[in-house]
Amino acid sequence: MAFAVSTQALAAKVALSGKTLNVRKNAAKAVRNTSVRAAVSAPAGLKAGVVTGEDYKAVVDHAIKNGYAIPAVNCTMSTVTNACLEAAKKANSPMIIQFSNGGGAYNAGKGWKNEKDQKAAVMGCVAGALHVRALAEFYGVPVILHTDHCAKSLLPWFDGLLEANEEYFAKHGEPLFTSHMLDLSEESIEENMEISKKYLERMSKINCFLEVEIGITGGEEDGVDNTDVAQEDLYSKPEEIHQVYTELNSVAPGMFSVAAAFGNVHGVYSPGNVKLTPSILGKAQEYIKEKEGLDTDKPVNFVFHGGSGSSREDIREAIGYGVMKMNIDTDTQWSMWDGVKGYVEKNKDYLQGQIGNPEGPEKPNKKYYDPRMWTRAAKESTVARLLEAYEDLNAMDALSK
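So, here's what we can say about the structure. All residue numbers refer to position in the chain's written sequence, counted from 1. Reporting in this predicted model follows two pLDDT cut-offs: at least 70 for local features of residues, and 80 or more for side-chain atom pairs to be given and counted; totals over whole chains, interfaces and linings ignore these cut-offs and use all residues. To get the side-chain values, all heavy atoms of the structure are used, and hydrogens and water are removed first.

**What to know about the packing of aromatic side chains**
Item 1. Any pair of Phe, Tyr and Trp rings, taking the six-membered ring for Trp, is counted once the centres come within 6.5 Å. Such a pair is stacked with planes under 30 degrees apart, edge-to-face with planes over 60 apart, and tilted for the rest. Overall, the coordinates contain 6 aromatic pairs when judged by the stated rule.
Item 2. Note on Phe262 and Phe304: the rings are 5.0 Å apart at their centroids and 65 degrees apart in plane angle, and the pair reads as edge-to-face. Here Phe262 is found in the loop between strand 11 (256-259) and helix 10 (279-292), whereas its partner Phe304 is found in strand 12 (residues 302-304), with 42 residues between them in sequence. Residues Phe262 and Phe304 agree in their burial class; the two are buried.
Item 3. We count a charge as sitting over a ring when the NZ of a lysine or the CZ of an arginine lies within 6 Å of the ring centre and within 35 degrees of the ring normal. Against the face of Tyr199 rests Lys198, its NZ or CZ located 5.0 Å from the ring centre. Secondary structure elements follow DSSP: runs of H or I of four or more residues count as helices, runs of E of two or more count as strands, with numbering from the N terminus. Using a 1.4 Å probe on the protein chains alone, a residue whose accessible area is under 20% of its type maximum counts as buried, one over 50% counts as exposed, and one in between counts as partly exposed.

This is how it looks when you write it as structure tokens:
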């Protein structure tokens, strides 16, 4: 079901000038008065702030050339988003901020029911994207805006996001989001490609990129449960990846990435329970290079789903085969909670009431239960976990490479 995204929301511009924060309240006036200025550059000559189109391709090319991948974190609230931006700044490296359907609905407020038109999920994702756009350039690193798994049943969400992108593009000359993911891996590969090509053709007109999935990522995430999937479906074949490459390349060359299955599993499991085979990706690259008569050794940009809990060895092997993005969700969910848990354990005697603590029965506890205190602990814990991820991904100080 189509619907219009608020013009006022999409046209809102946040202008940072020194210490001045000016939010234009009149959307039409904001659009008329928007001035064009040169893009701010991050180190390595890449654009700082949200990147789309050619600026996004430059970031991906830089990652492939320099042997690193970019972490992609599912964000459900500004606390998580800001932790991602802080980690990226500290790592001096790009960051992918992405929203799932459930995460978008949560960001819109759980007081709204996400109906069949998926309006709550669309508006929550749009709000999250506008928040990132207001801050990303300030952090001085390239930031990619993305949405995660969209199954066939959630296509109204995808349609709403594309409407938001098209409206933003008409006003600003670029899409609101950098890219979106279609996950039609539960459908036949023929139907997967038929639907994906239709959307890619539409997206290419506004310089928006597409991520697709073939094979199945095991485990459970955002309400999708693949814990009982057949083992053979966890591993993609070179012929399948080649089919995806040729079909999507015929529509918009270089404007897509592929989440191929090589044993990936969402969630976190004890060591030894997940058997990743990154070499599948390498064999697919060789197969496509030979079949298409290409000069490049890495014709496909691969995405690594189910990155939480993976070994550094497997991660770096996958990067060597052309992985430029790795999803992290479960580990950052834990890091958020772990930060709060540690804060509560440390300050429990000051969190039993508004007044009264070991320093005296009349002593106030406001500075301890202030949400900014314990959410800051959550952010610090998550920043630390993301810096580990940057190390795993060979992406620390990537912008100096």
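**Looking at the environment of Met255**
Item 1. Mapped onto the elements of the fold, Met255 is located in the loop between helix 9 (238-249) and strand 11.
Item 2. For the pair formed by Met255 and Leu210, sequence separation is 45 residues and the distance between their alpha carbons is 6.5 Å.
Item 3. What makes two residues a contact is simply this: any of their non-hydrogen atoms within 4.5 Å. With residues up to four places along the chain from it excluded, the contact list for Met255 reads Leu200, Ser204, Asn207, Cys208, Phe209 and Leu210.

**Thoughts on unusual backbone geometry**
Item 1. Non-glycine residue Asn394 carries a positive phi angle of around 60 degrees.
Item 2. With respect to the secondary-structure elements, Asn394 resides in the segment after helix 14 (371-392).
Item 3. A residue is classified by how much of its surface remains accessible, and Asn394, at 31% relative accessible area, is partly exposed.

**Section: the pairing of strand 11**
Item 1. Burial along strand 11 is two-sided: the face carrying Phe256 and Val258 and the face carrying Ser257 and Ala259 are both buried.
Item 2. Sheet topology note: the strand 8 (residues 209-213)/strand 11 ladder contains 4 bridges and is parallel. Paired with Glu211 across the strands is Ser257, a residue of strand 11. By definition, two strands form a pair when at least two bridges between them are found by DSSP.

**Points about the pattern of salt bridges**
Item 1. What makes a salt bridge here is a side-chain nitrogen of Lys or Arg within 4 Å of a carboxyl oxygen of Asp or Glu, nothing more. Going through the model one piece at a time under the given rule, you end up with 15 salt bridges.
Item 2. Salt-bridge contacts for Glu86 lead to Arg376; the nearest nitrogen and oxygen are separated by 2.8 Å. Taken as a pair, Glu86 in helix 4 (residues 78-91) and Arg376 in helix 14 lie far apart in primary sequence, 290 residues in all.
Item 3. Taking the relative accessible area as the measure of exposure, Glu86 reaches 15% and is therefore buried.
Item 4. Since its relative accessible area comes to 30%, Arg376 is described here as partly exposed.
Item 5. For Lys152, the salt bridge is made with Glu191, and the minimal N-O distance between the two is 2.5 Å. One end of the pair, Lys152, is in the loop between strand 6 (142-147) and helix 7 (155-172); the other, Glu191, is in helix 8 (residues 189-204), and 39 residues separate them in sequence.
Item 6. Judged by its relative accessible area of 23%, Glu191 is partly exposed.

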